[in-house]
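Structural overview for review
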Amino acid sequence: MTTLLPRILRALEQLHATHPWDHNAHYHQWILRQLPRRFNSALDVGSGSGDLARLLAARAGVVHGVDVDADIVARARELTVPPAPVTFTVGDALNEIPPGPYDVITCVATIHHLPFSDALTRFRQHLAPGGTLVVVGLYRPQSRSDYLIDAVAIPSNVAMAWIKNKGRKSPRPTSMTAPTRPATMNFADIVREARHELPGARLRRRLFWRYTLVWHQR
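A short tour of the structure in this document, coming up. Computed from a prediction, not measured in an experiment: that's the story for all the values here. (Residues numbered from 1 in each chain as written. Predicted model: local features only at pLDDT ≥ 70, side-chain atom pairs only at ≥ 80, totals over all residues. Heavy atoms only, no water.)

Details of the overall build of the chain
Note the following rule: The numbering of helices and of strands both runs from the N terminus, where a helix is a DSSP run of H or I of at least 4 residues and a strand a run of E of at least 2. Think of it in three bands: with a 1.4 Å probe and only protein chains considered, a residue is buried below 20% of the maximum accessible area for its type, exposed above 50%, and partly exposed in between. Only heavy atoms enter the contact rule, under which two residues are in contact if any of them lie within 4.5 Å. Computed with a 1.4 Å probe, the accessible areas rest on the Shrake-Rupley method; for each residue, only the protein chains presented here act as cover.
Summing up its helical and strand segments, the chain has seven helices and seven strands in all. If you list the helices and strands of the chain from N to C, you get α-α-β-α-β-α-β-β-α-β-α-α-β-β. Expressed as a percentage of its 218 residues, the buried residues of the chain come to 49%. Partitioning the intrachain contacts of the chain with sequence separation of at least 6 by distance along the chain shows that 70% fall at a separation of at least 24. Total accessible area on the chain is roughly 11200 Å²; 55% of this is exposed by carbon and sulfur atoms.

Considerations on the nonpolar core
Rules: We call a set of buried residues a nonpolar core when its members are Ala, Val, Leu, Ile, Met, Phe, Trp, Tyr or Cys and they connect through side-chain atoms within 4.5 Å of each other.
Ranked by size, the top nonpolar core spans 29 residues in total, and within it Ile-111, Leu-120, Phe-123, Leu-133, Leu-203, Tyr-211 and Leu-213 carry the most contacts. At the level of elements, strand E1 (39-45), strand E4 (102-108), helix H5 (116-126), strand E5 (127-137), helix H7 (187-197) and strand E7 (210-216) are the ones that each hand at least two residues to this core. If you look at the next biggest cluster of nonpolar residues, it comprises 28 residues, including Ile-72, Val-104, Ala-109 and Val-136.

Examining the side chain of Gln-217
Quick reminder of the rule: Identification of polar contacts relies on pairs of N or O atoms within 3.5 Å, with a donor-acceptor requirement for protein atoms, meaning one able to donate a hydrogen and the other able to accept it, and with residues adjacent in sequence counted only if both atoms are side-chain atoms.
Within the secondary structure layout, Gln-217 lies in the segment after E7. In this structure the side chain of Gln-217 is engaged in a polar contact, spanning 3.0 Å, whose partner is the backbone oxygen of Arg-124. When residues no more than four places from it in sequence are discounted, the contact partners of Gln-217 are Arg-124, Leu-127, Ala-128, Pro-129, Gly-130 and Gly-131.

Rendered as structure tokens:
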């Protein structure tokens, strides 16, 4: 399976070039279910085109999005209706976070761009007492269970690409235009480092080459 899977993934990349869909947005509603119905402030790290930040704004008094890519931040500002309590900042996710603390911090498909343990430490420092951190991340498959979950995801991924695009070729969504890079950490290392930095953190592998992490500040 380990030799066949890369060939299948390359075929999926070709499919996504003509039938793209946002794997990260697939988890936005799941993220909202992990959060209180109302909270004062939220920070979205790696906010991209601002889709998640705008969803958070329906529950929050104020939402700050931070992303290192100036072009995608400009697009997020264009897409955000002025009355929405959302601001977007161009900045480094470790050193240029707008002043908190925050009741909610979210980070979707971004933490693998950062020094993992350092990022978790910084998020913990910016999280208010009783606050919630939710991460949706990418991991490098290594174990048999990793490859098994990846294999299960493949037919679902193809079906989603076909359904969301109604079988037609489509342009890439704005949310998918920011620069990306592959994950380098495997899931076992992610779990070990996360539980060291965030005791009691809940981590789980997910479909579509993602994992989730939920942690509550005491």
